[in-house]
Amino acid sequence: MHKNNSLTSEIEALISNPPPHWQVLCQAIVDVSRNCVLAVDRRGCIFVANAIANEKFGAAVRKLLKDIIPSLMNLVDKTLMDGRRRVVPSMQVGSNEYRIVVNPLKLQAELVGAICLLEESTEFEEVAKQMRFFQHLTSELEAIIDSSSDGLFVCDANANVIRVNPASERIHKISATQLIGKNMVDLIAEGFIDKSAALQAIEKKKTVSLLQEKDNRKIISIGTPVFDNNGSLISVVVSERDITEIDNLHRELEEQGSLTDQLQSQLLQMQLADLKTHKIIARSPSMIKVLEKALKVSTANSTVLITGESGVGKGLITNLIHKNSSRAQKPLIRINCGAIPESLIESELFGYEEGAFTGAKVGGKPGSLELADGGSLFLDEIGELPLSSQVKLLRFLEKGRLTRVGGTKVINVNARILVATHRNLQDMVAKGTFRQDLYYRLSVIPLHVPALRERKDCILPLVRYYFDYFGDITKTRKRVSRAALDALLSYSYPGNVRELMNICEHAIVMSDTDIIDQMDLPKDVRNDSPGPSILEAGWPKGLSLKQILENVERKVILQTLQTYKNQGAVAAVLGVSQPTIARRIKKLNIK
Ligand SMILES: Nc1ncnc2c1ncn2[C@@H]1O[C@H](COP(=O)(O)OP(=O)(O)OP(=O)(O)O)[C@@H](O)[C@H]1O
């Protein structure tokens, strides 16, 4: 049918004798399209090809379609046979997919050729994809709007209701059809609502939220204006929520909260009462914090490392932790690692079997760990534990199992370990005298008890407590003078609470009268107290400066003599030579 490149006579005639400008016009028209346009005669010879067809397939007048797009020629052949239009939604031509349309070309009812249109489906597909996406999005949005438990309705820019979701219908007890098409101004006039977030959002052109009271219910409405790309208002979306329930719940929660507060404060009261029965006095915030933490950790099973200077109350806190734990009914065994000879510490801790060493008891002996089974073991002065025993203790802490000295039987022991030290274990780890792994294992919960001088607020209540305590024991009631109290308050207590206890006991025993005075306190405590200066106390009027200074000098030397007894020591304390002190004593007539 299409043997050579010559056009059919009727087409040849048309091209050879076209009406004026016909070809130019035709070409211009087909070139406008971004799709490929081709016209072929009955033999499949191209007589029109637009620019894009030329660019993509090299299509040109007088070329044979079968040479450039053979698959299309098959389609064209069919149309040239039956004269029918054909549309193929997707056909691979070269590397791209095309939507193909082949139209029969008739001249005076005679089929003279065909016109082909090749639409690149990438573009076409893209548009279709976007349409599918928007369809999907729309149905998703519809589902979201309809399933939202918040009421949602949409008004146009003139406040006419255009959409109402089921939750809004429920909130207002009205069907969407009764609302759609109505204007918010009319709905207010009808008393349906008293104010409208949509109207306010339209007026203010920004999001508005307001609270409405309707039939004893509280509804919160938020109106959000929607603008187009040019900034013109197109609609308002109003979300509404019935907060009556939330409001009620909130009130109930507040009531519950105050109940919890009451319970908590009662609990604290009970715990504080408990502290009193354990004779723990605390006033400074830092000490109260320590006690709170101790009470908190008491319920856990973890190892606690209590640090602090000697006499600060580490042992007392250990008791508190044990007594408040679930192990309270079981024993709290205490071992002072510093007080037991190195050779005995291991058998003391882990026990021994009969014949383990010379002098070992017949039948062996359980160690403190075994005795603390079910309860707690307090290892005081843990820093003094020899390195050899540290390894064994670490193994026990990891496995909860031990073997007695000289034994082979593995014994399971469930003891909570509480340890204390006045030493800096980290320094010891750095120096290699304390195992780092044991340190980490022990310091799961660190608790530092501050020195008494760092919590001065505790001094007065402690002093009162121990004066009463020793007063009760000696069946005496004594008052404390202001000067003695001042001295006690300003003392630095290197021995901490233990020293304070001893001072109180000493004062109760030493004072001959009903009043404990400064002179009843140990020398160091008296010396620590600065006492009122002569300037604060004032000086006798009518004396010359020389006389006043001599009075002061006399007092200073006298007081120093009372403390240090001999002139050499007084001279050293006051920073002068001994002959000078001797001269001044004589001159000032000090006896
Ligand atoms: N806060 C306190 N309230 C009342 N008494 C206290 C307080 N702190 C300590 N004590 C008393 O002080 C003394 C020393 O306390 P404790 O033995 O617990 O100190 P420590 O830090 O363990 O001393 P060390 O390191 O020397 O063993 C005890 O008699 C204890 O009852």
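Residues numbered from 1 in each chain as written. Predicted model: local features only at pLDDT ≥ 70, side-chain atom pairs only at ≥ 80, totals over all residues. Heavy atoms only, no water.

> For this particular structure, what's the right way to read the environment of valine 444?
By the secondary structure assignment, valine 444 is in the loop between helix H18 (436-442) and strand S17 (445-448). C-alpha separation for the pair valine 444 and valine 304, spaced 140 residues apart in sequence, amounts to 6.4 Å. For valine 444, the contacting residues outside a window of four places in its chain are Ser302 and Thr303. (Helix = DSSP H or I, 4+ residues; strand = E, 2+ residues; numbered from the N terminus. Contact = heavy atoms within 4.5 Å.)

> It is not clear to me how the sheet that holds strand S5 (residues 110-120) should be interpreted in this structure. Could you clarify?
By definition, the strands of a sheet pair up through backbone hydrogen bonds, in either a parallel or an antiparallel sense. Ordered in space as S2-S1-S5-S4-S3, the five strands form an open sheet in which the pairing is antiparallel. Every interior strand has two partners, whereas the edge strands, strand S2 (46-49) and strand S3 (86-93), have only one. For this sheet, the mean angle separating the axes of adjacent strands, direction not counted, is 25°. Against the sheet, helix H5 (residues 70-82) touches strand S1 (36-41), S3, strand S4 (96-107) and S5, its axis set at about 165° to S3. (Pairing = 2+ DSSP bridges. Axes fitted to C-alpha atoms, helices over the stretch in contact; angles between N-to-C directions.)

> Help me out: how do you make sense of the nonpolar core in this one?
For soluble globular proteins, nonpolar side chains are generally found buried alongside one another. Judged by nonpolar contacts, the single largest core of 43 residues is most densely connected at Ile317, Ile321, Tyr493 and Leu500. Those elements that provide at least two residues to this core are helix H12 (285-298), strand S11 (304-307), helix H13 (314-323), strand S16 (416-421), S17, helix H19 (459-474), helix H20 (482-490) and helix H21 (496-510). Beyond its immediate sequence surroundings of up to four residues, leucine 500 is in contact with Leu452, Ile459, Leu462, Val463, Tyr466 and Tyr493. Residues Leu379, Ile411, Leu425 and Val429 belong to the second largest nonpolar core, which totals 31 residues. (Core = buried A, V, L, I, M, F, W, Y, C linked by side-chain atoms within 4.5 Å. Buried < 20%, exposed > 50% of the residue type's maximum accessible area, 1.4 Å probe, protein only.)

> How should I be thinking about a nonpolar patch on the surface in this particular structure?
A contiguous nonpolar surface patch, about 480 Å² in accessible area, is contributed by Phe133, Phe134, Leu137, Leu141 and Ile144. Mapped onto the fold, isoleucine 144 is located in helix H6 (residues 121-147). (Patch = residues over 30% accessible without salt bridge, like charges linked within 9 Å, V, L, I, M, F, W, Y side chains within 5 Å. Areas by Shrake-Rupley, 256 points an atom, 1.4 Å probe, with all protein chains shown as cover. Salt bridge = Lys/Arg side-chain N within 4 Å of Asp/Glu carboxyl O.)

> How do you make sense of the sheet that holds strand S6 (residues 151-156) when you look at a structure like this?
Here we have five strands laid out as an open sheet, ordered S7-S6-S10-S9-S8, and antiparallel in their pairing. For this open sheet the edge positions go to strand S7 (161-164) and strand S8 (208-214), each flanked by a neighbour on one side alone. For this sheet, the mean angle separating the axes of adjacent strands, direction not counted, is 25°. Relative to strand S9 (residues 217-227), S8 is paired through seven bridges, and the arrangement is antiparallel.

> Can you walk me through the site of the ligand in this structure?
The full set close to the ligand counts 17 residues, and Lys279, Ile281, Ser310, Lys314 and Tyr466 are the nearest of them. Measuring from an oxygen atom of the ligand, one finds a backbone N or O atom of glycine 311 at 2.9 Å. Calculation on the ligand without its partners gives an accessible area of 620 Å², and the protein chains cover 87% of this total. Listing elements by their share of the shell around the ligand, those giving two or more residues are H13, H19 and H21. Here the residues of the shell around the ligand sort into eight nonpolar, four polar and five charged. (Near = heavy atom within 4 Å. Polar contact = N/O pair within 3.5 Å; in protein donor to acceptor, adjacent residues only side chain to side chain. Nonpolar A, V, L, I, M, F, W, Y, C, P; charged D, E, K, R; others polar.)

> Even after reading the chapter, I still don't get the packing of helix H25 (residues 567-574) against helix H26 (residues 578-587), so can you show me in this structure?
Helices that pack against each other are described as a pair by the angle of their axes relative to one another and the distance between those axes. Packing of H25 against H26 brings their axes to within 8 Å, and their N-to-C directions diverge by 105°. In terms of orientation, H25 lies roughly perpendicular with respect to H26. Here Gln567, Gly568, Val570, Ala571 and Leu574 of H25 come into contact with H26, specifically with Gln578, Ile581, Ala582 and Ile585. Class assignment for the residues of the contact of H25 with H26 results in six nonpolar, three polar and no charged. (Parallel < 35°, antiparallel > 145°, perpendicular 65-115°, else oblique.)

> Explanation requested: the pairing of S7 in the structure shown.
Put simply, side chains in a regular strand alternate between the two faces of the sheet. Both S6 and S7 contribute to a ladder of three bridges, which runs antiparallel. Bridging across to S7, valine 154 finds its partner in arginine 163. Counting the residues between successive antiparallel strands, the hairpin from S6 to S7 contains four residues, one of them, alanine 159, with a positive phi of roughly 70°.

> How should the packing of aromatic side chains be read in this particular structure?
Aromatic ring pairs: the centre-centre distance and the angle between the two ring planes describe each pair. The final tally for this structure, using the stated rule, is nine aromatic pairs. With a centroid separation of 5.8 Å and an interplanar angle of 85°, the aromatic rings of tyrosine 466 and tyrosine 469 are classed as edge-to-face. On the criterion of helical spacing, the pair formed by tyrosine 466 and tyrosine 469 is a turn pair, its members being three residues apart in helix H19. Positioned above the aromatic ring of phenylalanine 350, the side-chain terminus of lysine 392 is 4.7 Å from the ring centre. (Phe/Tyr/Trp six-rings, centres within 6.5 Å; stacked < 30°, edge-to-face > 60°. Lys NZ or Arg CZ within 6 Å of the ring centre and 35° of its normal.)

> Any chance you could explain the side chain of glutamate 499 here in plain terms?
Mapped onto the fold, glutamate 499 is located in helix H21. Buried charged residue glutamate 499 carries no salt bridge. Nearest counter-charge: arginine 453, at 8.1 Å. Of the polar contacts made by the side chain of glutamate 499, one reaches the backbone nitrogen of glycine 495; its length is 2.7 Å. With residues near it in sequence (within four places) discarded, glutamate 499 still touches Tyr491, Tyr493 and Pro494. (Lys, Arg positive; Asp, Glu negative; His and termini not counted.)

> Quick question: what am I supposed to make of the packing of helix H14 (residues 342-350) against helix H16 (residues 387-399) here?
Closest axis-to-axis distance for the H14/H16 pair is 9 Å, and the angle between their directions is 15°. Here H14 is positioned roughly parallel relative to H16, judged by the angle of their axes. H16 is crossed by H14, and the crossing has left-handed handedness. Here H14 contributes Ile345, Glu346 and Phe350 to the contact with H16, which in turn contributes Ser388, Ser389, Lys392, Leu393 and Phe396. Residue composition of the contact of H14 with H16, by class: four nonpolar, two polar and two charged. (Left-handed = near helix turned anticlockwise from the far one by under 90°.)

> Would you take a moment to explain the side chain of glutamine 212 for this structure?
Tracing the backbone shows glutamine 212 in strand S8. When near neighbours in sequence (up to four residues on either side) are disregarded, glutamine 212 contacts Ile193, Asp194, Lys195, Ser196, Arg217, Lys218, Ile219 and Ser221.

> In this structure, what is going on with the pattern of salt bridges? I would like to understand it.
Once their charged atoms are close, side chains differing in charge can pair, the charge on each being opposite to the other. For the coordinates displayed, the defined rule picks out 21 salt bridges. Linking glutamate 120 and lysine 56 is a salt bridge whose minimum nitrogen-to-oxygen distance equals 2.3 Å. One end of the pair, glutamate 120, is in strand S5; the other, lysine 56, is in helix H3 (residues 51-57), and 64 residues separate them in sequence. Residue arginine 477 pairs with aspartate 472 through a salt bridge whose shortest N-O separation is 2.8 Å. For arginine 477, a relative accessible area of 54% puts it in the exposed group. Members of the salt-bridge network, linked through shared partners, are Glu142, Asp146 and Arg163.

> Please explain unusual backbone geometry as it appears in this structure.
Peptide bonds are trans in most cases, and residues, glycine excluded, mostly fall at negative phi. The phi torsion at glutamate 381 lies on the positive side, around 55°, for a residue other than glycine. Mapped onto the elements, glutamate 381 comes out in the loop between strand S13 (376-380) and H16. The phi torsion at asparagine 496 lies on the positive side, around 55°, for a residue other than glycine. With respect to the helices and strands, the residue asparagine 496 is situated in helix H21.

In short, shape yes, function no, at least from these values alone.
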